[in-house]
Amino acid sequence: MRFEIDATGLPLRMPWKKGIAVGRAYELLREDLLSHLRRAQAEIGFKYCRFHGIFHDDMAVVQRTAAGQVVYQWQHVDKVFDALLSMGLKPFVELNPMPSALASGEQKMFFYQMNVTPPKDYREWEELAYAFALHCMGRYGVEEVRSWYFEVWNEPNLDCFWSGSQAEYFELYRASAHGLRRADSQLRVGGPASSQARWITEFIDYCAKNEVPLDFVSTHLYPQDEYVEFSEPGTSPYSPGTFFRTTALEAQAKIKASAYPELELHWTEWNAMSADAGMSVSCVENPTNDNLFAASFIVENCLALDSAADSFFFWVVSDIFEEVGFPLSPYSCTYGLLTVHGIPKASFNAFLLMSRLRGPRLRLASGSSRHPEHVLCATRDATATHVIASNHKPLEVLEQPELRERVSVPAHGPGEHLVVVERIRAGAGSAWETWVQMGRPQELSPVEERLLRQHAAPEMQVFRVLAVEGFVSFELVAEANEVAYAEIRKAGSPSVGKGAAAAETALWNKLLGKKSR
């Protein structure tokens, strides 16, 4: 396989770096979650953060007085937004759930009981959106808040998240958009935040026909959604491993065919959670959240869908997450990139390695590879070339051949180059398998935790390779579901040791080597 410099090559867009998610607003008041988010920011770097529950009762935003007047307070909201902004993250604000003071019913969802009913009075919801926007602009400035996104609700096409009808959701959206735009005409508002890329066409049509403000479309997708839709084995029309990519591209096509073809598309929830048949669909006990599988799924699909959307918000950054109650063991099949102990999973390391792909893409020489560009990809900046390989094995596939490629990349000048190779594999970059081998301990002793942290780091090797005819060649190897990354740069000059000249060094050796008096 030979990569060549392409004069027209552009950098990867990396829409996955646009955003990361956490479970709900109240969890962002916890220092352990904030520390996990700070680590993700320091090592990977995201731009926006999305989460449920900004209007949940535990945030104490909305109250109704004995006289029936609605009043607001923003103390917890301010703490959450202050924390995000302090680490360089902008809010991607999800307007939900329904505060009890405004709710028309009692239907609730999750361990933390978010109310999913429509408002008793849509005018009160509009006033909440208006007051919320005014408060944010007063605290953070108009220009800052104009750079945020405001997304209305979460998965209203699922009964568990919205007890109302589609028409009632559209009315909620209208009230939200009007409230926000009354506060400032340039605030960005969108939806429908639907599950499985549903309601996109109907939602755009509604906004266009009713002249309701709309700046972006948002929706969600998980790979196991394939078997939610096609639960009987053998009924899915998708070949193994293609459902996620195909559905993402179809959503993009729906927007391009709509009344507003230039709308931004944001996937505000996704992750690697997969199944191989209807009976294996699980949102709670799914090991693909924790094990090696996630790494190759993430890399392959992020590369394949690099131009398919404006953002992909991975759900979620940390296992500090309480939808079904707080996780009770070191690995719990929760969605986080980091465990409750802050141990990186294979998924975290996948994003870490992808974040190092800097500079324009190199192109594959014609006929030099059997692999598509979402399996092997290379970029190049002024000082280094970066190559990543993913050998993803869908759950439906019984055997996956080893990926073993002799890779050649343009040299950074004549002479020796250093090739540093990192590999995410079981027991090196993916510690889930080590934890399973340990017997899945409920509590970790200090030595067990040290072992898992050590096994959570990718394997690393270094080689010195001589450039030949302007190219540096080396071998990349990845077994099933492994990810391999290589960074190639010109070898530096030999070390000069300490800064003293030879004569001074000789003098100090003589003086310091004398016997004590």
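Residues numbered from 1 in each chain as written. Predicted model: local features only at pLDDT ≥ 70, side-chain atom pairs only at ≥ 80, totals over all residues. Heavy atoms only, no water.

Draft legend 1. Main features of the overall build of the chain. Summing up its helical and strand segments, the chain has 13 helices and 22 strands in all. The globule rule puts the C-alpha radius of gyration for 517 residues at 24 Å, and the 26 Å found for the chain is close to it. When the backbone C-alpha atoms are referred to their principal axes, the chain occupies close to 90 × 70 × 50 Å. Every one of the 517 residues in the chain was classed for burial, and the buried ones make up 57%. (Helix = DSSP H or I, 4+ residues; strand = E, 2+ residues; numbered from the N terminus. Rg over C-alpha atoms; globule rule 2.2 N^0.38 Å. Buried < 20%, exposed > 50% of the residue type's maximum accessible area, 1.4 Å probe, protein only.)

Draft legend 2. Representation of the pairing of strand β2 (residues 19-24) within the structure. The buried count for β2 comes to six of six residues, which makes it a mostly enclosed element. With four bridges connecting them, β2 and strand β3 (residues 48-52) associate as parallel partners. Bridging across to β3, G19 finds its partner in Y48. (Pairing = 2+ DSSP bridges.)

Draft legend 3. Quick look at the packing of helix α9 (residues 293-304) against helix α10 (residues 346-354). Here α9 crosses α10 at 35°, and the two axes come no closer than 7 Å. The handedness of the crossing between α9 and α10 comes out as right-handed. For the pair α9 and α10, the contacting residues are A294, A295, I298, V299 and C302 in the first and A346, S347, A350, F351 and M354 in the second. (Axes fitted to C-alpha atoms, helices over the stretch in contact; angles between N-to-C directions. Left-handed = near helix turned anticlockwise from the far one by under 90°. Contact = heavy atoms within 4.5 Å.)

Draft legend 4. A look at the packing of aromatic side chains. For the structure on display, the rule yields 46 aromatic pairs. Taking the centre distance of 5.1 Å and the plane angle of 70° together, the rings of W153 and W162 count as edge-to-face. Judged on exposure class, the residue W153 and its partner W162 are both buried. Here the aromatic rings of Y238 and F243 are separated by 5.2 Å at their centres, their planes lie at 85°, and the arrangement is edge-to-face. The aromatic ring of Y130 is capped on one face by R182, whose charged end is 4.0 Å from the ring centroid. (Phe/Tyr/Trp six-rings, centres within 6.5 Å; stacked < 30°, edge-to-face > 60°. Lys NZ or Arg CZ within 6 Å of the ring centre and 35° of its normal.)

Draft legend 5. A look at the side chain of E405. Locating E405 in the fold gives a position in strand β17 (residues 403-410). Setting aside residues no more than four positions away along its own chain, E405 makes contact with M1, R370, H371, L376, F474, E475 and L476.

Draft legend 6. Expanded view of the environment of T8. One can find T8 in the loop between β1 (3-4) and β2. In sequence terms T8 and L362 are 354 residues apart; their C-alpha atoms lie 9.5 Å from each other. Among the polar contacts listed, one links the side chain of T8 to the side chain of D6, at a separation of 2.8 Å. (Polar contact = N/O pair within 3.5 Å; in protein donor to acceptor, adjacent residues only side chain to side chain.)

Draft legend 7. Structural view of the pattern of salt bridges. Using the criterion set out here, one finds 36 salt bridges in the structure. Note that E402 and R404 form a salt bridge whose closest N and O atoms lie 2.9 Å from each other. When its relative accessible area of 33% is taken as the criterion, E402 is described as partly exposed. Taking the shortest distance from any N to any O, the salt bridge between E475 and R404 comes out at 3.0 Å. Residue E475 is located in strand β21 (residues 471-478), and its partner R404 is located in strand β17; the two are separated by 71 residues in the primary sequence. (Salt bridge = Lys/Arg side-chain N within 4 Å of Asp/Glu carboxyl O.)

Draft legend 8. Main features of the state of the cysteines. Taken as a whole and assessed by the stated rule, the structure comprises zero disulfides. No disulfide involves C49; its sulfur sits 15 Å from the nearest other cysteine sulfur, which is in C136. (Disulfide = S-S within 2.5 Å.)

Draft legend 9. Inspection of the pairing of strand β10 (residues 188-195) at higher detail. Of all eight residues in β10, seven are buried, a share of seventy percent or more. Note that strand β9 (residues 149-152) and β10 share three bridges and pair parallel. Along β10, the bridge assignment pairs Y149 with R188. Relative to strand β11 (residues 216-220), β10 runs parallel, the two being bridged by five bridges. By the bridge assignment for β11, S195 is matched with H220. On the question of chirality, the crossover connecting β10 to the parallel β11 by way of helix α6 (residues 200-210) is right-handed. (Right-handed = clockwise from strand over helix to strand, strands pointing away.)

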